[in-house]
Amino acid sequence: MSESGSAATTFGDRLSAAVAAHGPLCAGIDPHAALLEAWGLSDDADGLRAFAQTCVEAYAGRVAIVKPQSAFFERHGSRGVAVLEDTLAALREAGTLSLLDIKRGDIGSTMAAYADAYLRDDSSLRADAITVSPYLGFGSLDPAIELAQQTGRGLFVLAMTSNPEGASVQHAVADGRTVAASMIEGVSRLNAAEDAALGSFGLVTGATVGKDLAELGLTDALVTSRAPLLAPGLGAQGATIDDVRRGFGAAEGQVLPAASRSLLGHGPDVAALRAATDAAVEEAASIGR
Ligand SMILES: O=c1ccn([C@@H]2O[C@H](COP(=O)(O)O)[C@@H](O)[C@H]2O)c(=O)[nH]1
């Protein structure tokens, strides 16, 4: 039995329900130093706490899933990590799914410790799902995969990231297929073990890379994978919802378009941040329909 219900309540099931209720938008909490300043907050753990509380107040109950970016909490040291713990707890209390963007990946034995940190029911830093890096080999993720399966949590595996530099690794061909294709295949195998429309194992496929997915012939594999597709890159990185619609083709219905700075620029007023979030939710709702 997991904290999130039972082994039968998978992250994929809970995500499907959240998307049905709120549409697919993933709203980010990225407390950049420049945003803290723009919100009139100090660039320290107190400013960070006020920022994150406002985000939770504005997003909770309005979006399918919220993605705190760990780096912006870690840069404030142990007090920042304490704010991250409290932010994850506040999202849980509000009944809103959390996806901690922390991109962990290491040799298996160390990966097991990372898994304990974020995926155990009794961890203070637990999230509903986390991002992981498979670039020490897909098999190095096994400890996190096993714990996520036991506790009904999810993983989002980096496949085609939104940054232009990602292509040098992810488009590379090994054993007759691109590195990205082998990550999609790994996730596909995991989701095949679950009997659900949407799997608990997702992929990070930037909103900026839809054209590449099509050119590399990856669209069908994405559909077969039943993976939720985290698509960061809206707004500040230049991608639009139309890019997602055009680029992801038949996989469009699996996409969770993600936005951080383009929403957060509307703070610190909670009502203004809510209004911007509602507008983004409405725009994202056109995806897959
Ligand atoms: O490929 C990736 C993976 C993760 N990210 C993260 O998403 C947000 C994007 O923020 P914006 O302000 O909307 O650009 C940020 O936390 C990144 O670390 C990504 O952009 N691309």
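Residues numbered from 1 in each chain as written. Predicted model: local features only at pLDDT ≥ 70, side-chain atom pairs only at ≥ 80, totals over all residues.

Caption draft 1: Broad picture of the overall build of the protein chain. Helices and strands together make up the secondary structure of the protein chain, namely 14 helices and 10 strands. What you see for the protein chain is a C-alpha radius of gyration of 18 Å, in line with the 19 Å of a compact globule of 289 residues. If one aligns the C-alpha atoms of the protein chain with their principal axes, the spans along those axes are about 50 × 40 × 35 Å. By the burial criterion, 50% of the 289 residues in the protein chain qualify as buried. Sequence-distant contacts in the protein chain: of pairs separated by 6 or more residues, those separated by 24 or more amount to 79%. (Helix = DSSP H or I, 4+ residues; strand = E, 2+ residues; numbered from the N terminus. Rg over C-alpha atoms; globule rule 2.2 N^0.38 Å. Buried ≥ 20, exposed ≤ 12 C-beta atoms within 10 Å, placed from the backbone. Contact = placed C-beta atoms within 7 Å.)

Caption draft 2: Structural detail: the site of the ligand. Around the ligand sit 18 residues, and of these Gln69, Thr161, Pro232, Ser260 and Arg261 come closest. Secondary-structure elements contributing two or more residues to the shell around the ligand are β10 (255-259) and α13 (261-264). Looking at side-chain class alone, the shell around the ligand contains 5 nonpolar, 10 polar and 3 charged residues. (Near = placed C-beta within 6 Å. Nonpolar A, V, L, I, M, F, W, Y, C, P; charged D, E, K, R; others polar.)

Caption draft 3: The arrangement of the UniProt feature "active site" (unreviewed entry) in the protein chain in detail. Sequence positions flagged by UniProt for "active site" (unreviewed entry) are, in local numbering, Lys103. Relative to the assigned elements, Lys103 resides in strand β3 (residues 97-104). In contact with Lys103, other than residues within four places in its own chain, are Thr131, Val132, Ser133 and Leu158. (UniProt positions renumbered as here; feature names shortened; annotations may be inferred.)

Caption draft 4: Fine view of the UniProt feature "domain: Orotidine 5'-phosphate decarboxylase" (unreviewed entry) in the protein chain. Residues annotated in UniProt with the feature "domain: Orotidine 5'-phosphate decarboxylase" (unreviewed entry) correspond here to residues 24-276. Span residues 24-276 is 46% helix and 18% strand, its end C-alpha atoms 15 Å apart.

Caption draft 5: Structural detail: the packing of helix α6 (residues 108-119) against helix α7 (residues 142-151). Axis separation between α6 and α7 bottoms out at 7 Å; the angle between their running directions is 30 degrees. Put simply, α6 runs roughly parallel to α7. Where α6 crosses over α7, the two elements pack in a sense that is right-handed. Facing Gly108, Met111, Ala112, Tyr114, Ala115 and Leu119 of α6, the residues of α7 in contact are Asp142, Pro143, Ala144, Leu147, Ala148 and Thr151. Its residues assigned to classes, the contact of α6 with α7 shows 9 nonpolar, 2 polar and 1 charged. (Axes fitted to C-alpha atoms, helices over the stretch in contact; angles between N-to-C directions. Parallel < 35°, antiparallel > 145°, perpendicular 65-115°, else oblique. Left-handed = near helix turned anticlockwise from the far one by under 90°.)

Caption draft 6: View of the pairing of β10. Counting buried positions along β10 yields 5 of 5 residues, so the element is predominantly enclosed. Neither face of β10 is open: one carries Val255, Pro257 and Ala259, the other Leu256 and Ala258, and all of them are buried. The pairing of strand β1 (residues 26-29) with β10 spans 2 bridges and is parallel. When the sheet's bridge partners are listed, Ala27 is paired in β10 with Ala259. Considered for its hand, the β-α-β crossover made up of strand β9 (residues 229-232), helix α12 (residues 241-248) and β10 is right-handed. (Pairing = 2+ DSSP bridges. Right-handed = clockwise from strand over helix to strand, strands pointing away.)

Caption draft 7: Focus on α7. Counting buried positions along α7 yields 7 of 10 residues, so the element is predominantly enclosed. For α7, the set of buried residues is Pro143, Ala144, Ile145, Leu147, Ala148, Gln149 and Thr151. Residues of α7 that are buried make contact with α6, β4 (129-132), β5 (154-160) and α9 (179-192). Within two residues after α7, Gly152 carries a phi angle of roughly 70 degrees, on the positive side.

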